[in-house]
Number of protein chains: 2
Amino acid sequence: MKRRMILTAGATPAALGIAAPAIAQTRPKVSWRLTSSFPRNLDTLYGAANTFSKMVSDATDGDFTIRVFSPGEIVPALEAREATSKGFVESCFTASSYSIGTDPAFMFATVLLFGLNSRQQMAYLYELGGNDKLNRLLYQKHDVLCWPLISTGAQMGGWFRKEIRSVEDLKGLKFRIGGLAGHVFQRLGSVPQQIAAGDIYPSLERGTIDAAEWIGPYDDEKLGLYKVAPYYYYPGWWEGTGILSLIVNKQKYEELPPAYRSIVQTAAAATTSLGLARYDALNPQALKRLVAAGTQLRPFPQAVLDACFDETTKMHEEYSRADPVYAEIYREMATFRQDAYQWLQLSEYAFDSYQIRRLRR
Amino acid sequence: MKRRMILTAGATPAALGIAAPAIAQTRPKVSWRLTSSFPRNLDTLYGAANTFSKMVSDATDGDFTIRVFSPGEIVPALEAREATSKGFVESCFTASSYSIGTDPAFMFATVLLFGLNSRQQMAYLYELGGNDKLNRLLYQKHDVLCWPLISTGAQMGGWFRKEIRSVEDLKGLKFRIGGLAGHVFQRLGSVPQQIAAGDIYPSLERGTIDAAEWIGPYDDEKLGLYKVAPYYYYPGWWEGTGILSLIVNKQKYEELPPAYRSIVQTAAAATTSLGLARYDALNPQALKRLVAAGTQLRPFPQAVLDACFDETTKMHEEYSRADPVYAEIYREMATFRQDAYQWLQLSEYAFDSYQIRRLRR
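Here the residue index of a chain counts from 1 through its sequence in written order. To label them, take the chains in the order written and letter them from A, then take the ligands in the order written and number them from 1. Where totals are concerned, whole chains, interfaces and linings use all residues; where local detail is concerned, this predicted model gives features only for residues with pLDDT of at least 70, and gives and counts side-chain atom pairs only at 80 or more. With hydrogens and water excluded, all non-hydrogen atoms of the structure serve as input to the side-chain values.

**Q** Residue-level account of the UniProt feature "binding site: Na(+)" (unreviewed entry) in chain A, with values.
**A** Residue and element names in this part refer to chain A. UniProt positions are given in the numbering used here, feature names are shortened, and annotations may be inferred rather than shown by experiment. Mapped onto the present numbering, the UniProt feature "binding site: Na(+)" (unreviewed entry) falls at Trp214. When you line up the elements, tryptophan 214 lands in the loop between strand 8 (211-212) and helix 9 (217-223). Once residues within four sequence positions are removed from consideration, tryptophan 214 is found in contact with Leu42, Gln155, Arg176, Ala197, Ile200, Asp219, Asp220 and Leu223. By the criteria applied, helices consist of DSSP H or I runs no shorter than four residues and strands consist of E runs no shorter than two, each listed in order from the N terminus. Here, residues are in contact when the closest pair of their heavy atoms is within 4.5 Å.

Here's what the structure looks like:
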């Protein structure tokens, strides 16, 4: 509070008569803590936090360090954003969507169900003003700021003990899936469950649950789910991409000198690019190994996708009626989605279509 | 040469008894020149060089500045890499593929014909060691180092005055297209031509050429080609992505202190991510405007694509027989392409397929 008053008055150490060398003002020693919601054994996700931290340290000759903590070391996995809001830690690496209990609009920085793919989501957030708008209308209210730190790309639909042949098969399905996608499955009669990563395997093995979704081949392989659920469904319509975020305490961020703020932004954007490249390099080999181990690949039937799309649209409309911020962001994303897919089908999609057909020969 | 000897001996200024303050060693004032191969009116491409330069300056409080020059201001557009090799400028922003006259393997940092899409190309370059290998086996020989600075995404196939209905229609076609794609069209009987951007419109209007390719809707619109060639073909099979590169003089790079080298790397990776997002934000609206102005969208016929694919494969094999470096990089990229598309069809492609069908309703 005292600090804020000083800043408002525009007073600098020099104006206050403090004899600080110029270097101390622009290149202070700063140590931040970053709590991760993702465990160390997920080298893809945890690795992104490490990459980011190393970039910041290297760019400042070690003057600005960000120490990465595993979930539970200082903050539980799902409380990372709240701890950052309260200033208990300066920053965290988490799914913004973990905070939808506080406000459903926290979903949008992570994903739009049946929404934008990775590139479209980045275009919306960075180049169509979405990220700035979310910071202004949502994150600031919670004393934080948010930027992408990694994108997973389109995710898989998860591991199922039995085949899904119709919408009827969703009824009563005990499915380990959280967030707004869980709400959609519930509307279709499923029983969504939130289970921590380490407990998914035994739950699926014992039949306590019928299905579980996680991320994609490389990360899923680590959980061993292919040993207890033979059917691997696609696409994960609820995550055309999953963006995991760097969330920083707003006041701590604003206390940084301009060069450090710039380095945080640049390192976050660079990590996003390299993290997705890592997934794209690792997933193809993991998929081969899973298929070799007996995994049965299955597309969700069109009728199932249609029912999920319809329920998702209804849900978005209900949240939009309840909250003007949700309504504005959803409308912008849905409008861009329509335009972006008209372009995509001529470019990337037309190119990929030919390649897929041709490389099968 | 003298400098290299000092470095080899492991001597630092301190060891040599020079009383330099620590700050002068790690935070020197450095000014670089960067010559761009792309003109200022292409705000997408030229903008990427500006973004990169600003990131570097902001991260160093203006101690490390990189001044961006338009093509021809100090170096002609197509001589940017050579000028950087010779140390006339410290760095350039260019298509590596402009140097295929020197060595065809310069193509691989930009694109593989019928090759990898944007994400796959980044995965190969950054996460499967492709970029390091190219630097070691190719760029170093020319006294430079190279990294991605922006990716355009899949490009369009270009503007045609008449429809292409069969492989026969390619014969005698005067097509403004350069590089290895020009070689492929030549093998199929076309007459490829290299014409500078500013001259394409009058050439197409007068009928001196029959067709011209450039980039995609947003950049193409600036050239006004839709006014003189009604058919806009897709996909641009020769550019599933186009990566434009930051190329730096190797010795100048190695003279930078470690923090500055790190900042160059990080800013380049960040710019790549944001530049593609910019294309993905701008192209959908530009496509709408082009269609409203009367542009006729046309897919290349399957038989035409097949003939182009076959000739491309033969060309790669010929170059591979002539050069072991070309052979090694091509083999790695082609192997990854096969695996990457097996994964892509379940993930991004399956997701996009549904979205495209659904959003048409």
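**Q** So what about the pairing of strand 9 (residues 231-234) of chain B? Which residues, and what values?
**A** Residues and elements named next belong to chain B. Only protein chains enter the accessibility calculation, which uses a 1.4 Å probe; a residue is then buried when its area is under 20% of its type maximum, exposed when over 50%, and partly exposed in between. Across the two faces of strand 9 the burial is the same, with Tyr231 and Tyr233 and Tyr232 and Tyr234 all buried. A pair of strands is considered paired only if DSSP assigns at least 2 bridges between the two. Summarising the sheet, strand 5 (residues 158-160) and strand 9 pair through three bridges and their orientation is antiparallel. Within strand 9, the position partnered with tryptophan 159 by the bridge is tyrosine 232. Relative to strand 11 (residues 296-299), strand 9 runs parallel, the two sharing four bridges. Its bridge partner being in strand 11, tyrosine 231 is matched across the sheet by glutamine 296.

**Q** Could you give an account of the interface of chain B and chain A, naming the residues involved and the relevant values?
**A** Interfaces are often described in size by the accessible area the parts lose on coming together. Residue-level contacts link 79 residues of chain B with 79 residues of chain A. Surface buried jointly by chain B and chain A totals about 7,200 Å² across both partners, of which 62% is contributed by carbon and sulfur atoms. Defined here as a combined quantity, buried area equals the accessible surface (1.4 Å probe) lost by two parts on assembly, summed across both. Of all residues in chain B, the largest losses of buried area upon contact with chain A belong to Trp343(B), Phe351(B) and Leu359(B), amounting jointly to 11% of the total for that side. The rule for a salt bridge is simple: a side-chain nitrogen of Lys or Arg has to be within 4 Å of a carboxyl oxygen of Asp or Glu. Across the contact surface, chain B and chain A share twelve salt bridges. With a shortest N-O distance of 3.8 Å, Glu127(B) and Arg278(A) are connected by a salt bridge. Where the side of chain B that touches chain A is concerned, the elements lending two or more residues are helix 2 (22-26), helix 3 (43-59), helix 5 (118-127), helix 11 (258-292), helix 12 (302-322), helix 13 (324-344) and helix 14 (348-359) of chain B. Here the side of chain B that touches chain A takes 19 residues from helix 11 of chain B, the largest share from any one element. Gly is put with the polar residues, along with every residue not named as nonpolar or charged; the nonpolar set is Ala, Val, Leu, Ile, Met, Phe, Trp, Tyr, Cys and Pro, and the charged set is Asp, Glu, Lys and Arg. By residue class, the composition of the side of chain B that touches chain A is 41 nonpolar, 20 polar and 18 charged.

**Q** Help me get a handle on the layout of surface pockets, residues and values and all.
**A** All names here are of chain B. Within this model, the largest pocket holds a volume of roughly 970 Å³. Lining the largest pocket are 43 residues, and of these Leu78, Tyr98, Arg176, Gln194 and Trp214 sit closest to its centre. Only helix 4 (80-85), helix 7 (179-187) and helix 8 (197-206) provide two or more residues apiece to the lining of the largest pocket. Per-element accounting of the lining of the largest pocket gives the leading share, three residues, to helix 7. When grouped by side-chain class, the residues that make up the lining of the largest pocket number 23 nonpolar, 14 polar and six charged. Only protein atoms enter the 1 Å grid used here. Points where a 1.4 Å probe fits but cannot escape make up a cavity, open sets with protein on both sides within 12 Å along at least five of seven lines make up a pocket, and a residue lines them when an atom lies within 4 Å of a point. Grid points are joined across faces, edges and corners, and a volume is the space filled by probe spheres set on the points.

**Q** Can you lay out the sheet that holds strand 8 of chain A for me, pointing to particular residues and giving the numbers?
**A** One open sheet holds the six strands; their spatial order is 7-6-8-5-9-11 (chain A), and the pairing between them is mixed. Pairing within the sheet leaves two strands with one partner each, and these edge strands are strand 7 (191-193) and strand 11 (296-299) of chain A.

**Q** Lay out the UniProt feature "binding site: substrate" (unreviewed entry) in chain A with the relevant residues and their values.
**A** All names here are of chain A. In the numbering used here, UniProt assigns the feature "binding site: substrate" (unreviewed entry) to Gln155, Arg176, Glu213 and Glu239. Considering only the residues just annotated, the second largest pocket is lined by Gln155, Arg176, Glu213 and Glu239. Along the chain, glutamine 155 falls in the loop between strand 4 (144-151) and strand 5 (158-160). You can call glutamine 155 buried: its relative accessible area is 5%. Beyond its immediate sequence surroundings of up to four residues, glutamine 155 is in contact with Glu213, Trp214, Ile215, Pro235, Gly236, Glu239 and Gly242. Relative to the helices and strands, glutamate 213 resides in the loop between strand 8 and helix 9. Once you skip the residues sitting within four places of it in the chain, glutamate 213 turns out to touch Gln155, Gly157, Gly158, Phe175, Arg176, Ile177, Trp238 and Glu239.

**Q** Lay out the packing of helix 11 (residues 258-292) of chain A against helix 13 of chain B in plain terms, naming residues and giving numbers.
**A** Across the interface, helix 11 of chain A lies against helix 13 of chain B with an axial gap of 8 Å and an inter-helix angle of 75°. Classified by the angle their axes make, helix 11 of chain A and helix 13 of chain B are roughly perpendicular. Between helix 11 of chain A and helix 13 of chain B, the contacting residues are Asp280(A), Ala281(A), Asn283(A), Pro284(A), Gln285(A), Leu287(A) and Lys288(A) on the first element and Phe336(B), Asp339(B), Ala340(B), Gln342(B) and Trp343(B) on the second. Axes here mean lines fitted to C-alpha atoms, for a helix over just the part in contact, with angles spanning 0 to 180 degrees between N-to-C directions. Oblique is the label for any angle not covered by the other classes, which are roughly parallel (under 35 degrees), roughly antiparallel (over 145) and roughly perpendicular (65 to 115).

**Q** Got a sec to walk through the environment of Leu34(B)? Specific residues and values, please.
**A** Residue and element names in this part refer to chain B. Tracing the chain through its elements places leucine 34 in strand 1 (residues 30-36). With 55 residues separating them in the primary sequence, leucine 34 and valine 89 have C-alpha atoms 6.6 Å apart. In this structure leucine 34 touches Ala49, Phe52, Ile66, Arg67, Val68, Phe69, Ser91, Cys92, Phe93 and Leu246, once residues within four positions along its chain are discounted.

**Q** Residue-level account of the pattern of salt bridges, with values.
**A** Throughout the structure, instances matching the rule amount to 47 salt bridges over all chains. Salt-bridge contacts for Glu332(A) lead to Lys133(A); the nearest nitrogen and oxygen are separated by 2.4 Å. Pair noted here: Glu332(A) is in helix 13 (residues 324-344) and Lys133(A) is in helix 6 (residues 130-137), with a separation of 199 residues, a long-range link. The partly exposed category is assigned to Glu332(A), whose relative accessible area is 22%. With its nearest N and O atoms 2.8 Å apart, the salt bridge here joins Asp280(A) to Arg119(B). Of this pair, Asp280(A) sits in helix 11 while Arg119(B) sits in helix 5, on two different chains. Taken as a pair, Asp280(A) and Arg119(B) share a single burial class, namely buried. Here the salt bridges share partners, and the residues they tie into one network are Asp43(A), Lys222(A), Arg278(A) and Glu127(B).

**Q** I'd like to hear about the side chain of Ser320(B), residue by residue, with values.
**A** Residues and elements named next belong to chain B. Relative to the helices and strands, serine 320 resides in helix 12. Relative accessible area serves as the criterion here: at 16%, serine 320 is assigned to the buried category. In the analysis that follows, any N or O atom pair within 3.5 Å is treated as a polar contact, provided that within protein one partner can donate a hydrogen and the other can accept it, and provided that, for residues neighboring in sequence, both atoms belong to side chains. Within polar-contact distance, the side chain of serine 320 engages the backbone oxygen of histidine 316 at 2.8 Å.

**Q** How would you explain the relation of the copies chain B and chain A if you had to name every residue and give the values?
**A** Here the copies are superposed with least squares, the fitted atoms being C-alpha atoms of residues at a pLDDT of at least 70 in both. Rotating chain B by 180° about the axis while translating it 0.0 Å along that axis superimposes it on chain A, leaving an RMSD of 0.0 Å. Each copy turns onto its partner about a two-fold axis. Minimal C-alpha distance to the rotation axis in chain B is attained by Ala270(B), lying at 1.9 Å. When the interface residues of chain B are mapped onto chain A, 100% of them are again interface residues, pointing to one common binding face.

**Q** Lay out the packing of aromatic side chains in plain terms, naming residues and giving numbers.
**A** Residue and element names in this part refer to chain B. Put simply, two rings from Phe, Tyr or Trp (the six-membered ring, in Trp's case) pair if the centres are within 6.5 Å, and we call them stacked under 30 degrees between planes, edge-to-face over 60, tilted for the rest. Per the counting criterion, the structure on display carries 47 aromatic pairs over all chains. Between the aromatic rings of phenylalanine 185 and tryptophan 238, the centroid separation amounts to 5.7 Å while the plane-to-plane angle is 75°, which identifies the pairing as edge-to-face. In this pair, phenylalanine 185 sits in helix 7 while tryptophan 238 sits in the loop between strand 9 and strand 10 (243-249), placing the two residues 53 residues apart along the sequence. The class for tryptophan 238 is buried, based on a relative accessible area of 2%. Our definition puts a charge over a ring when NZ of Lys or CZ of Arg is within 6 Å of the ring centre and also within 35 degrees of the ring normal. Above the ring of phenylalanine 69, the side-chain terminus of arginine 33 is found at 6.0 Å from the ring centroid. Over the face of the ring belonging to phenylalanine 88 we find arginine 33, whose NZ or CZ atom lies 5.2 Å from the ring centre.

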